[in-house]
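# An overview of the molecular structure
The lines below spell out each chain.
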Amino acid sequence: EAGVTQFPSHSVIEKGQTVTLRCDPISGHDNLYWYRRVMGKEIKFLLHFVKESKQDESGMPNNRFLAERTGGTYSTLKVQPAELEDSGVYFCASSQEWGDYGYTFGSGTRLTVV
Amino acid sequence: AQKITQTQPGMFVQEKEAVTLDCTYDTSDQSYGLFWYKQPSSGEMIFLIYQGSYDEQNATEGRYSLNFQKARKSANLVISASQLGDSAMYFCAMREPETGANNLFFGTGTRLTVIP
């Protein structure tokens, strides 16, 4: 089966611009997660979708970040306007069941804000 | 407070030797899960091994084993017979289902370099 796909793999944007990251989970996985790793720090949870609903968005840093999951399939994470501190690697993961420990991660999107 | 602590930013190991990557965790829950992930230079996060807090035996997956010491709150990853392909970042993570959340808490990672 296809894994978790993230697009783009790299993005370089200027401060103040908008960027949209996309995640395609494994087909049939209701649970979708976004994480972020800022350089040299731990990977931090951003939010969790169950199908199209936001189950937990406690990790979203501020209202410049908007996540959507249309029809419970792919998800997008928009940063608008981007700031320098938003630079990092954004990971998406999916799992089939609630509580299933078999998370599958994508390869991440490396975002650089200059 | 940091929930997962990985105190080794970098580790070196000779090929074919064993190496232990340290991980300590902080939780007051009785039920929790511990994970190790590998991130090679290609970027993807690869699941390696899982240990549940109620599992009495240490988890093993091929050359990977998890040295689970509950009283010490440590979950060290042991890689036996290191291979060049083991060179990567390794992340320890924890899930606390009692909170009702299903997210993972990660450490800062350890970069392992296998020397030929």
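Provided above is the structure to which this section pertains.
Before going into details, it helps to say that this report is about the structure given with it. Remember, it's a predicted structure, so these values are computed and weren't measured experimentally.

Looking only at helices and strands, chain B features 0 helices and 12 strands. For 116 residues, the compact-globule estimate of 2.2 N^0.38 gives 13 Å, and chain B sits close to it at 14 Å. Dimensions of chain B along its principal axes, counting C-alpha atoms only, are 45 × 30 × 20 Å. For chain B, contacts bridging at least 24 residues in sequence account for 55% of all contacts bridging at least 6. For chain B, the computed accessible surface area is about 5400 Å², with 48% contributed by carbon and sulfur atoms. Charge centroids of chain B, computed over 9 positive and 12 negative side chains, lie 3 Å from each other.

Counting residues in each nonpolar core, the largest one holds 24 residues, and the members touching the most others are Tyr-25, Trp-36, Ile-49, Leu-77, Tyr-90 and Leu-112 of chain B. Where this core is concerned, the elements lending two or more residues are strand S3 (19-21), strand S5 (33-39), strand S6 (46-52), strand S8 (64-69), strand S9 (74-79), strand S10 (88-95) and strand S12 (110-115) of chain B. It is S10 of chain B that contributes the most residues to this core, 4 residues altogether. Discounting chain neighbours no more than four positions away, the residues touching Leu-112 of chain B are Met-11, Val-13, Val-19, Leu-21, Ile-79, Asp-86, Ser-87, Ala-88 and Tyr-90 of chain B. Core analysis: the second largest hydrophobic core is formed by 21 residues, Val-4, Leu-32, Leu-47 and Val-113 of chain A among them.

Residues and elements named next belong to chain A. Judged by pairing direction, the sheet is antiparallel, and its 4 strands sit side by side in the order S1-S3-S8-S7 without closing on themselves. What marks the edges here is a single partner per strand, and that holds for strand S1 (5-7) and strand S7 (65-68). Put simply, the sheet's adjacent strands are angled 15 degrees from each other on average, direction ignored. Here S7 runs beside strand S8 (residues 75-79); their pairing, made up of 4 bridges, is antiparallel. Looking at the pairing, Glu-68 lines up with Thr-76 of S8.

Moving on to the state of the cysteines. All names here are of chain A. On inspection of all chains with the given rule, the structure shows 2 disulfides over all chains. There is a disulfide in this structure between Cys-23 and Cys-92, and the S-S distance comes to 1.8 Å. Between Cys-23 and Cys-92 the sulfur-sulfur dihedral comes to about -65 degrees; the bridge is accordingly left-handed. With Cys-23 in strand S3 (residues 19-24) and Cys-92 in strand S9 (residues 88-95), this residue pair connects regions lying 69 residues apart in the sequence. Of the two residues examined, Cys-23 and Cys-92, each falls in the buried class.

The next thing to look at is the side chain of Gln-6 of chain B. All names here are of chain B. Inspection of the secondary structure puts Gln-6 in the loop between strand S1 (4-5) and strand S2 (10-14). Relative accessible area serves as the criterion here: at 7%, Gln-6 is assigned to the buried category. A polar contact is formed between the side chain of Gln-6 and the backbone oxygen of Tyr-90, at a distance of 3.1 Å. For Gln-6, the contacting residues outside a window of four places in its chain are Asp-22, Trp-36, Tyr-90, Phe-91, Cys-92, Gly-107, Thr-108, Gly-109 and Thr-110.

Rules used in this analysis
- Residues numbered from 1 in each chain as written.
- Chains lettered and ligands numbered in written order.
- Predicted model: local features only at pLDDT ≥ 70, side-chain atom pairs only at ≥ 80, totals over all residues.
- Heavy atoms only, no water.
- Helix = DSSP H or I, 4+ residues; strand = E, 2+ residues; numbered from the N terminus.
- Rg over C-alpha atoms; globule rule 2.2 N^0.38 Å.
- Contact = heavy atoms within 4.5 Å.
- Areas by Shrake-Rupley, 256 points an atom, 1.4 Å probe, with all protein chains shown as cover.
- Lys, Arg positive; Asp, Glu negative; His and termini not counted.
- Charge placed at Lys NZ, Arg CZ, Asp CG, Glu CD.
- Core = buried A, V, L, I, M, F, W, Y, C linked by side-chain atoms within 4.5 Å.
- Buried < 20%, exposed > 50% of the residue type's maximum accessible area, 1.4 Å probe, protein only.
- Pairing = 2+ DSSP bridges.
- Axes fitted to C-alpha atoms, helices over the stretch in contact; angles between N-to-C directions.
- Disulfide = S-S within 2.5 Å.
- Polar contact = N/O pair within 3.5 Å; in protein donor to acceptor, adjacent residues only side chain to side chain.

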